[in-house]
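Coordinate inspection notes
This is what each chain is made of:
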Amino acid sequence: SLMITDECINCDVCEPECPNNAISQGEEIYVIDPNLCTQCVGHYDEPQCQQVCPVDCIPLDPNHPETQEELHAKYLIITGKA
Ligand code: SF4
Ligand code: SF4
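As the structure is a computational prediction, the values presented were derived from the model and not from experiment.

1. Description of the overall build of the chain
Helix and strand content of the chain: two helices and two strands. Against the compact-globule benchmark of 12 Å for 82 residues, the chain has a radius of gyration of 12 Å, which places it among compact chains. The contacts of the chain with a sequence gap of at least 6 include a subset with a gap of at least 24, amounting to 66%.

Encoded structure:
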């Protein structure tokens, strides 16, 4: 999963780009649900939120390290293909 840091300026451009609806407006900044973020595996070659964020505040979440296989398995579950 990726995460959003406190550098977030609440610009809202990432939220509609997420194919898994993993991004939402939190209490202070936007947040990513680690249960829904596949790092865009299954949908796109690159994380779409990272592509559009104007302040580059969406790094890998060190608390949720995942392999490509795990991310793909999550994609299959979320999309009902598993
Ligand atoms: Fe959504 Fe992809 Fe960003 Fe994860 S990496 S939050 S799935 S847009
Ligand atoms: Fe925050 Fe970046 Fe998303 Fe804008 S694109 S809401 S700055 S995380």
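2. Considerations on the side chain of Asp61
With respect to the helices, strands and loops of the structure, Asp61 is situated in the loop between helix 1 (48–52) and helix 2 (68–78). Although buried, Asp61 forms no salt bridge, and the nearest oppositely charged side chain, Lys74, lies 9.0 Å from it. Other than its neighbours up to four places away in sequence, Asp61 contacts Ser1, Leu2 and Met3.

3. Considerations on unusual backbone geometry
Backbone phi values are negative for most residues with the exception of glycine, while trans is the configuration of most peptide bonds. In this model, Asn10 sits at a positive phi of 55°, which is unusual for a non-glycine residue. Mapping Asn10 onto the fold places it in the segment before strand 1 (23–25). Looking at Asn10, the relative accessible area reads 32%, which means it is partly exposed. Look at Cys40: it is not a glycine, yet its phi comes out positive at around 70°. Take Cys40: it is sitting in the loop between strand 2 (30–32) and helix 1.

4. Observations concerning the site of ligand 2
Within the structure, ligand 2 sits among 14 residues, and Cys8, Cys11, Asp12, Cys14 and Cys53 are positioned closest to it. The class makeup of the residues in the shell around ligand 2 is twelve nonpolar, one polar and one charged.

Conventions and cut-offs
- Residues numbered from 1 in each chain as written.
- Chains lettered and ligands numbered in written order.
- Predicted model: local features only at pLDDT ≥ 70, side-chain atom pairs only at ≥ 80, totals over all residues.
- Heavy atoms only, no water.
- Helix = DSSP H or I, 4+ residues; strand = E, 2+ residues; numbered from the N terminus.
- Rg over C-alpha atoms; globule rule 2.2 N^0.38 Å.
- Contact = heavy atoms within 4.5 Å.
- Buried < 20%, exposed > 50% of the residue type's maximum accessible area, 1.4 Å probe, protein only.
- Lys, Arg positive; Asp, Glu negative; His and termini not counted.
- Salt bridge = Lys/Arg side-chain N within 4 Å of Asp/Glu carboxyl O.
- Near = heavy atom within 4 Å.
- Nonpolar A, V, L, I, M, F, W, Y, C, P; charged D, E, K, R; others polar.

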